[in-house]
Every structure is written in structure tokens, then in C-alpha cells.
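# Tertiary structure, described
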Amino acid sequence: MSASDSITAGFLPLLDSAILVAAREKGFTEEEGIALTLVRETSWANIRDRIAVGHFEMAHMLAPMPIAANLGLTPMRLDLLAPMSLGLGGNAVTVSAKLWAAMAGEGATGPDDPAAAGAALRAVIERRRRKGEDTLRFGVVHPHSGHNFELRYWLAACGIDPERDMELLIVPPPLTADAMAAGRIDGFCVGEPWNSVAVSAGLGHIATTKAAIWRSSPEKVLGVRQDWAREHGSVLARLLRALHRASIWCGAADNHEELADLLSAPAYLNQPAALLRGALDGELETGGGTRRFPDFFVPAQKAAIFPWQSHALWFYSQMVRWGQVPHSAENAETARRSFRPDIYRAALRPLGVPLPSASMKVEGALTAPTPVGVSAGQLVLGPDGFFDGAVFDPTRLDAYIASQRPAFR
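Before going into details, it helps to say that this report is about the structure given with it. The shown structure was predicted, so the numbers you read here are calculated from the model rather than taken from an experiment. Positions within a chain are numbered from 1, following the residues in the order the chain's sequence is written. Only residues with pLDDT of at least 70 are given local features in this predicted model, and only at 80 or more are side-chain atom pairs given and counted; all residues enter the totals for whole chains, interfaces and linings. Processing note: side-chain calculations cover all non-hydrogen atoms of the structure and skip hydrogens and water entirely.

Numbering of helices and strands starts at the N terminus; helices are DSSP runs of H or I of at least 4 residues and strands are runs of E of at least 2. Secondary structure assignment for the chain yields 18 helices and 16 strands. Our radius of gyration looks at C-alpha atoms and nothing else; its globule reference is 2.2 Å times the residue count to the power 0.38. Taking 2.2 N^0.38 as the reference for a compact globule, 409 residues should give roughly 22 Å; the C-alpha atoms of the chain span a radius of gyration of 20 Å, in line with that estimate. For the chain, the spread of C-alpha atoms along the principal axes amounts to about 65 × 45 × 40 Å. Of all 409 residues assigned to the chain, the portion counted as buried reaches 59%. Whether two residues touch is decided by their heavy atoms; if any such pair falls within 4.5 Å, the residues are in contact. Pairs at least 24 apart in sequence give 73% of the contacts found in the chain among residues at least 6 apart. The protein chains shown are the only cover counted for residues, whose accessible areas, like all others here, come from Shrake-Rupley with a 1.4 Å probe. As presented, the chain carries roughly 15000 Å² of accessible surface, and 49% of it is formed by carbon and sulfur atoms. When the 39 positive and 43 negative side-chain charges of the chain are each reduced to one mean point, those points stand 4 Å apart. The rule is simple: take the accessible area with a 1.4 Å probe, protein chains only, and divide by the maximum for that residue type; under 20% is buried, over 50% is exposed, in between is partly exposed. As used throughout, the charge tally considers Lys and Arg to be positive and Asp and Glu to be negative, leaving His and the chain termini uncounted. The atoms used to mark charge sites are NZ of Lys, CZ of Arg, CG of Asp and CD of Glu.

Pasting the structure below:
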């Protein structure tokens, strides 16, 4: 095995690092002649900076991060591409036990009804304002994160101005429960297992989930340095094939017990396997009992690892909406090209697996499982709706961005 077949990848201790962990621990990368080294990090800023200075060839990465890098929004120049997603869903919004009690008093019923939870949160915010109480503080893991955008989307759709009605702070995922325990934040949006960690410690209550805000929605990607990908295309293709097989293994319910054990190791998530198993099975303790969440985290089904360019453009639309980048045709094209379904297809075509014929789709349009055009076999997508009934058509990007501009009383 040559040095070029050795890959060092950064990751954060999150459930959606599962495909990378399984690829290494179950031998899928070894079967492809790749020596994969996984390096755990504490924050997404560290991941960004270490890949920029060459410590990593690639990383478990927030889906908007390659887009932000290619748009010049990183401190150091960084050109990235995302040839594969690492699953759908996996996030939740958790609020403190005290805040949930106040929300429940205003009609919040549980995580599967984000509209009711949002309306209750708005009522609590308005009551606190009348009483002259402190502004609520919520944590998100990075400015260029799905967490930031989905939290803002949920709040705004429920009539809450995330820029005026609350304060959003950056908190690394492993510190979210500790920040709540210390009274620094009243809520947070983060990936598992950190919602469950807060709930199990009696600190918080899961108010809603990513899968409830936007079903079958993207979360992490494999972020790869463009210079490395150009020089090592064949190695990258073999890695993608290994990760594909790992995703299938992770998606099989019969493997969840073993997967939870693997992820629980000190080198990975360092949390009890029983706590991890619930999220893998879609059964979470919310703080008010155990609930089942269909498609809470999807590592394989529904084209979960396909890098849809419509996902990239939706994230871009939110960057524009919240003032991170100006909208232009050039910026939109940069965002779209940050996700690379062409590399994905070329790598997986030899396996004969179903490959979507399209690179973009209308997001939020599927209300039921729907077969789509593929290269071979059958592929079923959806449901994929936004909780407020909105639809994102990437071919009408300008109109969508215009409709999404913040407009509050």
C-alpha cells in the first residue's frame, strides 16, 4: 500500500460519523486497499482549520462548510468538494427543562409537532419581553451549519426573529449539554448523541427534531480538499465505494447493536452504547417519555449518501437570507458545484447500484414514498416535506430567495 493510499480524516464525536467509523472498523476501507486514520476533533472550526493547513485530506463535515469555503467565507483560503453525503437527519432542538415547562404551558405538545412548539416558544418569548426578562440564548454549532439554518428556518416560520427575539451563540457539539448545565444557554440545536446526553442528565427536553422540521433532509458530507481529489481520483473513488458499503451496513437494523458498541468507544463518541442505540433505531427519550421518530437518522435508504446539488442550493439560499453572502448567479453556481454527484456516480457505477439520473430535485414536494429515475434497479425517495408546507425548487432560486427574506413585525 503506497503513501497515497493512506488517508487521514477528521471527525467530530457525533452519531453521523457512523459511516466513517464503520468503514474503518468493519474493514471496508481495508478491502479497497486504503489505510484510513480517523482523528477526533472538538469543534467544527478545528476541522476547518486543520484541513486548511493540510493535517487532513478530508473530513466528516457540516454540509454547508464546503459551500462557505468555496465562497471565500473561511479565514484561510480553502477549496473543498463534497462527493458524498453521510446520511440524512440526526439533529434535534433541545431546550432546558425550565423552558420546556414554560412552552408546555403555552401549548407545546412534543417533538413531532414543530409548529405547536414554535408557537409556544414565541408566546414564551413575548411574555418574557413584557416582564423585562433576559433574552433567551440558544446554541448552534457553527455559523455555516445545517443546525444554524434549520433552527433559524423553524423560528422564522413560527414568527420568531432569530436576530432580534433571541441570541444565537456558537457552541461546539460536545459542549452543548455542559453549556446548558452551566446556565449559559437555554436551548441548542445539535446532532446526536448530545441531545440525549442532556436529556439523560435531566437538563433538557427535546422540543423538535430535524426530521420534523424538514423530512429526509441533508446533514453532514464528506468534505475533501480539491487539490487532493485532483491528484488522487482513483483513491477517492475506492474510498467512496468503501463508504457506500459501510452505509448499507450501518442502515441495517440488525447491525445497530454492534454499531452502537463501535461508536461508544473512547476513540469515537465515548458515550454509553445504550444511549446511542436509541437514535440509531429512531427511538429517543425526549424528557417526557420515549418517542419513535421515523427516519430520525438515515444512513443508506432514500439516496441518503447522494450529494444532491439542490441541497447545496438550499443551504446557499439560507446563507443569502441571513446575510452571510450576497446573491449572484456566480455565487449560486459556486454553491451548486461544491457538491459533486459526477464524482459519486463515477465511483459507484462499477458496483451496479441505483444512481439517481438527476442531480437536483424539488425539495419538499414528496408527500409519500416515490420511485425516481435511476441508472439501474429501483430507488425510492421521500417523504421530504418542510413542516410549514413550503417547497424549494432549485430552478426558481431567485424567487425562493426573494420569498425567504426576513420579514418580521
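Having seen the model, we can carry on.
In globular proteins that are soluble, nonpolar side chains generally tend to be buried together. Buried Ala, Val, Leu, Ile, Met, Phe, Trp, Tyr and Cys residues that are joined via side-chain atoms within 4.5 Å together make up what is termed a nonpolar core. Counting residues in hydrophobic clusters, the biggest one holds 135 residues, and the most contacted among them are Met 58, Met 103, Leu 121, Phe 138, Trp 154, Trp 314 and Tyr 316. Looking at this core, the element that brings in the most residues is helix 12 (residues 233–251), giving 10 residues. Excluding anything up to four places from it in sequence, Leu 121 contacts Leu 99, Met 103, Leu 136, Phe 138, Trp 154, Leu 155, Ile 160 and Met 166.

Trans is the common state for peptide bonds, and a negative phi is the common state for residues other than glycine. The peptide bond linking Glu 192 to Pro 193 adopts the cis configuration, its omega dihedral lying at 15°. In this structure, Pro 193 sits in the loop between strand 9 (187–191) and helix 9 (194–200). Cis geometry is found at the peptide bond from Gly 382 to Pro 383, where omega equals 0°. By the secondary structure assignment, Pro 383 is in the loop between strand 16 (379–381) and helix 18 (397–404). Phi at Asp 295 takes a positive value of approximately 60°, unusual for a residue other than glycine. Looking at the element boundaries, Asp 295 is found in the loop between strand 13 (290–292) and strand 14 (297–298). Residue Asp 295 is classed as partly exposed on the basis of its relative accessible area, which comes to 27%.

In this section: the environment of Ile 19. Mapped onto the fold, Ile 19 is located in helix 1 (residues 18–25). Residue class for Ile 19 comes out buried when judged on its relative accessible area of 1%. Counting along the chain gives 230 residues from Ile 19 to Trp 249, while the straight-line C-alpha distance between them is 8.5 Å. In contact with Ile 19, other than residues within four places in its own chain, are Leu 86, Gly 87, Leu 243, Ala 246, Ser 247, Cys 250, Pro 299 and Ile 305.

On to the sheet that holds strand 4 (residues 80–85), then. Any two strands between which DSSP finds at least two bridges are classified as paired. Taken in spatial order, the 5 strands of this open sheet run 2-1-3-11-4, and their pairing is mixed. With one partner strand each, in any of the chains shown, strand 2 (35–40) and strand 4 form the two edges of the open sheet. Strand-to-strand twist across the sheet, computed as the mean angle between neighbouring axes with direction ignored, equals 30°. Sheet topology places strand 3 (residues 58–62) next to strand 11 (residues 220–225); 5 bridges connect them, and they run antiparallel. For Met 58, the partnering residue across the bridge sits in strand 11 and is Val 224. Packing of helix 12 onto the sheet brings it into contact with strand 1 (6–11), strand 3, strand 4 and strand 11, and relative to strand 4 it is tilted by some 30°. Where helices are involved, their axes are fitted lines through C-alpha atoms of the stretch in contact, as for all axes, and angles between N-to-C directions lie from 0 to 180°.

Our focus in this paragraph is the side chain of His 147. With respect to the helices and strands, the residue His 147 is situated in helix 7 (residues 146–157). Taking relative accessible area as the criterion, His 147 reaches 1% and is therefore assigned buried. Beyond its immediate stretch of four places on either side in the chain, His 147 contacts Leu 62, Asn 91, Val 140, Val 141, Cys 189, Val 190, Gly 191, Glu 219 and Lys 220.

With their axes 9 Å apart at the nearest point, helix 12 and helix 17 (residues 341–348) run at an angle of 80° to one another. Judged by the angle between their axes, helix 12 and helix 17 are roughly perpendicular. Between helix 12 and helix 17, the residues in contact are Leu 236, Ala 237, Leu 240, Arg 241 and His 244 and Ile 343, Tyr 344, Ala 347 and Leu 348, respectively. A breakdown of the residues in the contact of helix 12 with helix 17 according to their chemical character gives 7 nonpolar, 1 polar and 1 charged. Put simply, angles under 35 degrees are roughly parallel, angles over 145 are roughly antiparallel, angles from 65 to 115 are roughly perpendicular, and the rest are oblique. Three classes are used: nonpolar for Ala, Val, Leu, Ile, Met, Phe, Trp, Tyr, Cys and Pro, charged for Asp, Glu, Lys and Arg, and polar for all others, with Gly counted as polar.

Now for the pairing of strand 7 (residues 136–140). For strand 7, the buried fraction is high: 4 of the 5 residues fall into the buried class. As paired strands, strand 7 and strand 8 (residues 166–170) are joined by 5 bridges and run parallel to one another. Across the sheet, residue Arg 137 finds its bridge partner in strand 8, namely Glu 167. With the strands pointing away from the viewer, any crossover whose connection runs clockwise from the first strand over the helix to the second is right-handed. Following the chain from strand 7 across helix 7 to the adjacent parallel strand 8, one finds a crossover that is right-handed.

The next subject is the sheet that holds strand 6 (residues 91–96). The strand order across the open sheet built from 5 strands is 8-7-9-6-10, with neighbouring strands paired in mixed fashion. A strand with exactly one partner marks an edge of an open sheet, and here the two such strands are strand 8 and strand 10 (204–209). Within the sheet, the average angular offset between the axes of one strand and its neighbour, ignoring direction, is 25°. Sheet strands in contact with helix 7 are strand 6, strand 7, strand 8, strand 9 and strand 10, and its direction is about 130° off that of strand 9.

Read these as geometric descriptors, not functional statements.
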